[in-house]
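Here is what each chain is made of, one letter per residue.
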Amino acid sequence: MTAYLEHIQYVSPDLDRMVEFYCSVFGWRLRGRGVEQAADRSYGWVHIGTDESYVAFRTPYDGARYSEDMAQRQTHFGVVVDDLDAVVARLKSRGFSVRPKGRHPFRERVYTRDPDGNEIEIIRYLSDKPSERNDYDLDG
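Quantities reported herein were computed from a predicted structural model and do not represent experimental measurements.

Enquirer: Please clarify how the overall build of the chain should be interpreted in this entry.
Expert: Each helix and strand counted, the chain has four helices and eight strands in total. For the chain, the sequential pattern of α-helices and β-strands runs β-α-β-β-β-α-β-α-β-β-β-α. In summary, the chain has a C-alpha radius of gyration of 15 Å against a globular reference of 14 Å for 140 residues, a match within 12%. A total of 140 residues make up the chain; the buried ones form 39% of that total. In the chain, 51% of the contacts between residues at least 6 apart in sequence involve partners at least 24 apart. Carbon and sulfur atoms provide 49% of the accessible area of the chain, an area that totals close to 8500 Å². Side-chain charges in the chain split into 20 positive and 24 negative, and the spacing between the mean points of these groups amounts to 3 Å.

Enquirer: Which parts of the structure should I look at to understand helix α3 (residues 84-93)?
Expert: For an α-helix the count is 3.6 residues per turn, leaving residues at separations of three or four pointing the same way. Looking at α3, one finds that the buried residues are L84, V87, V88 and L91. Buried residues of α3, seen end-on, are gathered within an arc of 100° and therefore sit on one face of the element. In α3, those exposed residues whose orientation departs by more than 90 degrees from the buried face are D85 and S93. Each element contacted by the buried residues of α3 is listed here: β7 (107-113) and β8 (119-125). Following α3 by one or two positions, G95 has its phi on the positive side, about 90°.

Enquirer: What's the story with the environment of D40 in this structure? I'm lost.
Expert: Position of D40 among the secondary structure elements: in the loop between β2 (29-38) and β3 (41-49). Along the backbone, D40 and F21 are 19 residues apart, and their C-alpha atoms lie at a distance of 31 Å.

Enquirer: What is the right way to look at a nonpolar patch on the surface in this model?
Expert: Taken together, the side chains of F21, V25 and F26 present a nonpolar region at the surface, about 280 Å² in accessible area. Within the fold, F26 resides in helix α1 (residues 15-26). Its relative accessible area of 46% is what places F26 among the partly exposed residues.

Conventions and cut-offs
- Residues numbered from 1 in each chain as written.
- Predicted model: local features only at pLDDT ≥ 70, side-chain atom pairs only at ≥ 80, totals over all residues.
- Heavy atoms only, no water.
- Helix = DSSP H or I, 4+ residues; strand = E, 2+ residues; numbered from the N terminus.
- Rg over C-alpha atoms; globule rule 2.2 N^0.38 Å.
- Buried < 20%, exposed > 50% of the residue type's maximum accessible area, 1.4 Å probe, protein only.
- Contact = heavy atoms within 4.5 Å.
- Areas by Shrake-Rupley, 256 points an atom, 1.4 Å probe, with all protein chains shown as cover.
- Lys, Arg positive; Asp, Glu negative; His and termini not counted.
- Charge placed at Lys NZ, Arg CZ, Asp CG, Glu CD.
- Arc of directions from axis to C-beta.
- Patch = residues over 30% accessible without salt bridge, like charges linked within 9 Å, V, L, I, M, F, W, Y side chains within 5 Å.
- Salt bridge = Lys/Arg side-chain N within 4 Å of Asp/Glu carboxyl O.

Honestly, it's all geometry; don't read function into it.
Dropping the structure here:
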């Protein structure tokens, strides 16, 4: 399998507006919606797209006021790989740290940063079924 870009995430003050726009313009669907409690911060999120790829939007952390500079930055992008262990080993051999994310029966994820500090989510799916791969209720 060739590595491919799965998603990119942006900050938005109005998630419903983003859902309406992307679903109506591109014919995509709302894949998932939730509230993330991560470490010392929380935010709302939506995933809009297809079974294979999507655009993610999140609210500013902890209800912070939205600012124009937030619109100019993505918070991370995701890359799907078939051998996560090999990718992690290559990152570590080059001195990059890797943070695992939760437990899910149908996917493994880690986070790292590139040399410019951009966050990358690296995903290995353990199922070919979109209904299993995209089941957000199973996140641990």
